[in-house]
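# A closer look at the structure
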Amino acid sequence: MSNFPQTKLLSRLALAAAASLVFTTGAAAAEKTLTVYTYESFITEWGPGAKVAEAFEKTCECKVTYVGVADGVELLTRLKLEGAASKADIVLGLDTNLVAEAKATGFFAPHGIEAKDVKVPGGFTDDTFLPYDYGHFAVVYDTQTLKTPPKSLKELVEGDPSQKIVIEDPRTSTPGLGLLLWVKAVYGDEAGAAWAKLKDRVLTVTPGWSEAYGLFTKGEAPMVLSYTTSPAYHMVAENTDRYQAAEFSEGHYIQIEVAGMTKNAKEPDLARQFLGFMTGPEFQSIIPTTNWMMPVAATKEPLPDAFGKLVNPEKTFLLPSEEVAANRKAWIDEWLAAMSKN
């Protein structure tokens with residue numbers, strides 16, 4: 001769920017992280033309304049939300065209304081709180097780590113869409129959730145302040161504590177959860193000890209990605225947990241290669257973002273139509289240079305040259321969603337215990 005620009009993030013997101021945001025586009029007189037729950041950065045003025053709504057509204061004779069929360073994990077939390085009273089027709093912004101837990105709520109309906117043209121590293125198919133973009137998590141660093149970035153997760157964990165990193169909270173943020181699972185995938189039973197070492201390098205833990213990246217680009221820390229695709233924004237929009245992703249020898253954990261329709265959707269046909277549109281070239285063409293993630297299907301034009309200069313991990317980690325659902329609380333408790341030690 002990478003998104004930019006960061007220069008405006010701190011001022012704009014102080015309120016957004018704490019409260020829901022409702023953003024509506026389209027003709028007020030539209031007959032039907034599709035309500036999409038998503039994460040806040042998707043619907044900022046620089047995010048893909050407005051362009052996606054405009055493009056879909058041309059095909060659906062409807063109005064798209066977004067309801068935003070701070071980050072992806074909070075989407076699932078909000079749905080659990082709202083239950084059957086939720087107004088969501090579509091939930092966009094969970095990832096494959098949360099699929100099993102989301103399906104277990106019973107809130108989602110099968111989409112019935114054959115997505116044969118959707119391709120993600122390692123492959124992902126599901127009868128309830130459809131992918132719309134993906135990216136590998138990475139430590140993004142400032143080349144002007146950090147001349148020797150870590151070349152592995154082990155080097156990050158055991159490196160100089162004075163060289164700080166900003167990370168996201170796994171309880172509220174999908175990138176934060178991704179880092180938690182990355183450490184677990186590499187360290188296994190020794191993950192707690194790894195976190196205890198890494199803790200000294202952590203400047204702060206933010207609720208979501210936007211706050212973390214904002215602190216990083218403000219110069220508060222030379223490193224941030226983000227995505228291999230993040231440098232593309234700086235190369236395309238700012239014409240600078242100052243910010244780069246460190247390539248880790250063990251491999252990188254992948255995030256595959258997904259959307260699904262709710263069982264109680266007031267507009268189920270419209271919701272299914274949106275999911276079909278989401279995997280088509282119009283939506284997919286919007287994603288790379290607004291959400292700064294990789295498309296999962298064909299786009300109308302080739303990706304900018306900057307995407308060819310990004311780290312392309314040789315090894316991809318992705319734990320089964322069922323394993324994440326069964327262990328997420330215990331692994332977060334392990335993280336909390338390690339991070340709170342003096």
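For the structure itself, consult the block above.
A short tour of the structure in this document, coming up. Each chain has its residues counted from 1, following the order in which its sequence is written. Local features in this predicted model are restricted to residues whose pLDDT is 70 or higher, and side-chain atom pairs enter the listing and the counts only when it is 80 or higher, whereas totals over whole chains, interfaces and linings include all residues. Hydrogens and waters are ignored; side-chain quantities use all the structure's heavy atoms.

What follows deals with the state of the cysteines. Cysteine sulfur atoms that pair up within 2.5 Å are treated as a disulfide. Using the criterion set out here, one finds 1 disulfide in the structure. Each sulfur in the disulfide pair Cys-60 and Cys-62 lies 1.9 Å from the other. Note on the Cys-60 and Cys-62 pair: the S-S dihedral is about -80°, so by sign convention the disulfide is left-handed. For Cys-62, a relative accessible area of 4% translates into the label buried. For every residue, the accessible area (1.4 Å probe, protein chains only) is compared with the maximum for its type, and the residue is labelled buried under 20%, exposed over 50%, or partly exposed between those bounds.

What follows is about the nonpolar core. Throughout this description, the term nonpolar core refers to a set of buried Ala, Val, Leu, Ile, Met, Phe, Trp, Tyr and Cys residues connected via side-chain atoms within 4.5 Å. In terms of nonpolar packing, the biggest core is built from 110 residues, with Phe-42, Ile-90, Leu-92, Leu-94, Trp-195 and Phe-283 touching the most fellow members. With 8 residues, the single largest contributor to this core is strand E6 (residues 130-142). With sequence-adjacent residues up to four places away left out, Ile-90 is seen in contact with Leu-34, Thr-35, Val-36, Tyr-37, Ala-259, Gly-260, Met-261, Ala-271, Phe-274 and Leu-275. Working definition: helices are DSSP H or I runs of at least four residues, strands are E runs of at least two. Numbering for both runs from the N terminus. By definition, residues are in contact when any of their heavy atoms lie within 4.5 Å.

Mapping Leu-98 onto the fold places it in the loop between strand E4 (90-95) and helix H4 (99-104). Residues Leu-98 and Ala-325 lie 227 residues apart in sequence; the distance between their C-alpha atoms is 6.9 Å. Here Leu-98 is in contact with Gly-72, Val-73, Leu-76, Thr-174, Leu-177, Ser-321 and Arg-328, once residues within four sequence places are set aside.

Quick look at the packing of aromatic side chains now. Each Phe, Tyr or Trp ring (for Trp, its six-membered ring) is paired with any other whose centre lies within 6.5 Å, and the angle between the two planes then decides the class: stacked below 30 degrees, edge-to-face above 60, tilted in between. According to the stated counting rule, one finds 18 aromatic pairs in the structure shown. Where Phe-56 meets Phe-274, the ring centres are 5.2 Å apart and the plane angle is 85°; that geometry is what we call edge-to-face. You can see Phe-56 sitting in helix H2 (residues 49-60) and its partner Phe-274 sitting in helix H10 (residues 268-278), a full 218 residues away along the chain. With a relative accessible area of 0%, Phe-56 lands in the buried category. Considering the side-chain rings of Trp-182 and Phe-248, the 5.5 Å spacing of their centres and the 40° angle between planes classify their relative orientation as tilted.

Moving on, we get to the pairing of strand E3 (residues 62-69). The buried count for E3 comes to 8 of 8 residues, which makes it a mostly enclosed element. Neither face of E3 is exposed, since Cys-62, Val-64, Tyr-66 and Gly-68 on one face and Lys-63, Thr-65, Val-67 and Val-69 on the opposite face are all buried. For strand E2 (residues 32-39) and E3, the ladder comprises 8 bridges, and the chain directions are parallel. Directly across from Lys-32, in E3, lies its bridge partner Cys-62. Once you follow E2 into H2 and on to E3, the crossover reads as right-handed. Only strands that DSSP links by at least two bridges are regarded as paired with each other. Throughout, right-handed denotes a crossover for which the path from the first strand over the helix to the second runs clockwise when the strands point away from the viewer.

At Asn-327, helix H12 (residues 321-339) shows its largest kink, close to 60°. Along H12, the residues that are buried comprise Ser-321, Val-324, Arg-328, Trp-331, Ile-332, Trp-335, Ala-338 and Met-339. In this structure, the buried side of H12 is in contact with helix H3 (72-82), H4, strand E7 (165-168), helix H6 (174-187), helix H7 (191-198) and strand E8 (202-206). To get the bend at any residue, fit one axis to the seven residues that end at it and another to the seven that begin at it, then take the angle between the two axes.

Limitation: the analysis is restricted to geometry and does not speak to function.
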